[in-house]
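What follows is each chain in one-letter form.
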Amino acid sequence: MLQQWKVKENINYRDVFRKGTVGLIITFIAGLLFGKENMMIAFVIVLGANIYEKENLRVKTVQKILRLLVRDVVIVCMAFIASQNMWWGIPFNLIAIFIIIFSLVSPYDQISYKTFMMLYVFCQYSYITLSELPSRLFLVVFAMGCVLISSLVYQLRNKALLDSNIGKGWKMIDEQLHNILEGRFDHALSIACRTAMNEVAHTIYRTGYRRYFTTQQGKVQFHFYMNISYFNVLLESIDREYARGEFGKKQLLALISITETINRYFKYEIKRDEIIQVLKNAVELGPIHYGFGSEVMEILEALYKNFVELDEMNYKKKNTVYGEWERTSLNQLYDNFQNALNPKSMRVNFAARLAIILTITLLLAHQLGFYKIIWAIIPIMSTTRPYYEDTMQRKSDRVRSNLLACLIVGVIINIVDIEWISVLLITLGFYGVYTFKDYYRMSFFLTVISMCLSSFGTGINGLIFYRLIYLMVGVVIVELSVRVKPFKLKDGINELVQKIDSLNTKLEKEALRSLKHEENTHIIRETIIHSALLGQHLSIHNKAYKDEKITKLVEDNAEFVIRLGHQLLTQSESRR
């Protein structure tokens, strides 16, 4: 039963234990070194562990760590400047908050800004003098440095040559072939395979560095991504051909034998050289012995090259940038900047709205000076999302989770009023935060941690009163703010559709250029990855919007991009 729950929730206990333990240690050491009043700032930083691990720290390690440290130092300094004078803090907050959110929100990641935004607000609320600024900066560098080192060690210890989703995707390919054999093609399995491959696309996207598209390892993963995605698209055609008797049972069984063998490799049951030999034999004997058609042979030959490439990859250099594949987005920096600054865009709308709300609430907090008034600001940051519907859902989750957390913490601490109970609840809270991914449960455990950290110097009953009052104030402000020029889910979906259409136009232009052998493979690769990521986000948002036309658009576009992209890259490779 526990195992079923673990699988359902997609829980990695080792990862939860590592992040929870690191977070606890950093928070309590910060309290010992810098005082209990600074534990909340350290707590805010360690909450960003999931965000920092999205950075591929194995590539240009020193530069990336320094960049992240400098970003936090700049945020702390901006918060300090804004806190020194109420009136100059107004324009400064407007500009600083807008820049933080605008620079960190993208169609692919709409939550990374939260850690940095909370750091800015907490540092501004926790007023310090100029003489105390060096200590505050040292605290931030210490906490951030510990989190980044932990993330780096974790990434370096990960010896896997391929993203785990490649193995998951291949397992689904194998299952689908068995389904075809039994006459029950599973469309949902095809979508699940595409979703797994989109996760691989996101991994590849994160390996890019400046003008380079990916790393040596990312190059190999891109080839696997393309071929498994293309195979997934091809399976529907194989199903139709098998039903009509155009794809024989002997051919299908032979293909299943090959996919099963490859699946055994991804389950660590056989070695890579065995796979290479199996695929080599299939490439040599396929057309004659099995009667495979050109499309199947093309896939088998490409997979053979994939595994040979993987086998020949220099393990020590796997995280170095692959210089032959370049990014192209920097060439259109001006156009991208113009599009991003469109006042009707989600990015500008969200950044401007949150900047105005937080500036006003920070000003009121400064003027009123009420105890723990920051608890009215936290719900605003936590529940306000780019889309109206998401904000309303989060607002509801926030209220329910906070009420439950206050009830449980209040009862426990009132019954057992000793300090170690708070420490125990904080410990459980840290592990709970990293166990679950849904906002309701994460908000519950975050509230438990926040209440217990604050209870070290204050009675719990008073804290509960303030928490609930400020929670209601915060959600009322959120309710009012989102009704002023709301950016609804429909608007966001239309924006994503337009971006996908723009990428399709790029790909079609490269197809026309390929007729003259002038295609730009850098643009083709980048367009394929960005289209996959946008399609995945469009699909996620459509789960709430529930438009069948959008569902069909996502599926058709994914097939179009993979088919055309695969064809263009294969043609270009054959001409080299």
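This is a predicted model, so every value here is computed, not measured. (Residues numbered from 1 in each chain as written. Predicted model: local features only at pLDDT ≥ 70, side-chain atom pairs only at ≥ 80, totals over all residues. Heavy atoms only, no water.)

## Regarding the overall build of the chain
Stage number 1. Secondary structure summary: the chain contains 24 helices and 0 strands in total.
Stage number 2. Compactness check: the chain gives a C-alpha radius of gyration of 26 Å against a globular reference of 25 Å for 576 residues, within 12% of the reference.
Stage number 3. Counting only C-alpha atoms and orienting by the principal axes, one finds that the chain spans roughly 80 × 50 × 45 Å.
Stage number 4. Long-range contacts, defined here as pairs at least 24 residues apart, represent 79% of the contacts in the chain between residues at least 6 apart.
Stage number 5. Here the chain displays about 27,500 Å² of accessible surface, and carbon together with sulfur accounts for 60% of that area.
Stage number 6. If the 67 positive side-chain charges of the chain are averaged to one point and the 53 negative ones to another, these points end up 5 Å apart. (Helix = DSSP H or I, 4+ residues; strand = E, 2+ residues; numbered from the N terminus. Rg over C-alpha atoms; globule rule 2.2 N^0.38 Å. Contact = heavy atoms within 4.5 Å. Areas by Shrake-Rupley, 256 points an atom, 1.4 Å probe, with all protein chains shown as cover. Lys, Arg positive; Asp, Glu negative; His and termini not counted. Charge placed at Lys NZ, Arg CZ, Asp CG, Glu CD.)

## Focus on the nonpolar core
Stage number 1. Counting 109 residues, the largest nonpolar core has Ile101, Met117, Leu119 and Tyr120 as the members making the most contacts within it.
Stage number 2. Ranked by residue count, the leading element in this core is helix H16 (residues 346-368), at 10 residues.
Stage number 3. If we skip the residues at most four places from it in the chain, Ile101 touches Tyr113, Met117, Phe350, Ala351 and Leu354.
Stage number 4. With 65 residues, the next largest nonpolar core counts Val200, Leu255, Leu303 and Ile529 among its residues. (Core = buried A, V, L, I, M, F, W, Y, C linked by side-chain atoms within 4.5 Å. Buried < 20%, exposed > 50% of the residue type's maximum accessible area, 1.4 Å probe, protein only.)

## Notes on the state of the cysteines
Stage number 1. If you walk through the whole model with that rule in mind, you get 0 disulfides.
Stage number 2. No disulfide involves Cys452; its sulfur sits 10 Å from that of Cys406, the nearest cysteine.
Stage number 3. With a relative accessible area of 0%, Cys452 lands in the buried category. (Disulfide = S-S within 2.5 Å.)

## Let's talk about the environment of Asn50
Stage number 1. Mapping Asn50 onto the fold places it in helix H4 (residues 49-52).
Stage number 2. According to the relative accessible area criterion, Asn50 is partly exposed, its value standing at 32%.
Stage number 3. Separated by 62 residues in the primary sequence, Asn50 and Ser112 place their C-alpha atoms 9.2 Å from one another.
Stage number 4. Residues in contact with Asn50, not counting those within four places in the same chain, are Lys19 and Tyr434.

## Overview of the side chain of His566
Stage number 1. For His566, the position within the fold is in helix H24 (residues 548-574).
Stage number 2. Ignoring anything within four residues of it in the chain, the contact list for His566 reads Met226, Asn227, Tyr230, Glu298 and Val561.

## Regarding the confidence of the model for the chain
Stage number 1. Taken as a whole, the chain shows an average pLDDT of 85; of its residues, 93% reach a score of 70 or greater.
Stage number 2. Every residue in residues 330-338 is under pLDDT 50, and counting partners more than four places away or in other chains gives 5 contacts. (pLDDT = per-residue confidence, 0-100.)

## Notes on helix H5 (residues 61-84)
Stage number 1. Spanning 24 residues, H5 covers 35 Å between terminal C-alpha atoms, matching the ideal 34 Å at 1.5 Å per step.
Stage number 2. Every buried residue of H5 is accounted for by Lys64, Ile65, Leu68, Leu69, Asp72, Ile75, Val76, Met78, Ala79, Phe80, Ala82 and Ser83.
Stage number 3. At its buried positions, H5 is contacted by H4, helix H6 (89-104), helix H7 (113-125), helix H8 (133-157), helix H10 (187-206) and H16. (Expected span 1.5 Å × (residues − 1).)

## Quick notes on helix H2 (residues 13-34)
Stage number 1. The terminal C-alpha atoms of H2, which comprises 22 residues, lie 31 Å apart, in line with the 32 Å expected from a rise of 1.5 Å per residue.
Stage number 2. Considered for burial, the residues of H2 that qualify are Asp15, Val16, Arg18, Lys19, Gly20, Gly23, Leu24, Ile26, Thr27, Ala30, Gly31 and Phe34.
Stage number 3. Lining the buried residues of H2 we find helix H3 (39-46), H4, H8, helix H19 (419-435) and helix H20 (439-454).
Stage number 4. Following H2 by one or two positions, Gly35 has its phi on the positive side, about 100°.

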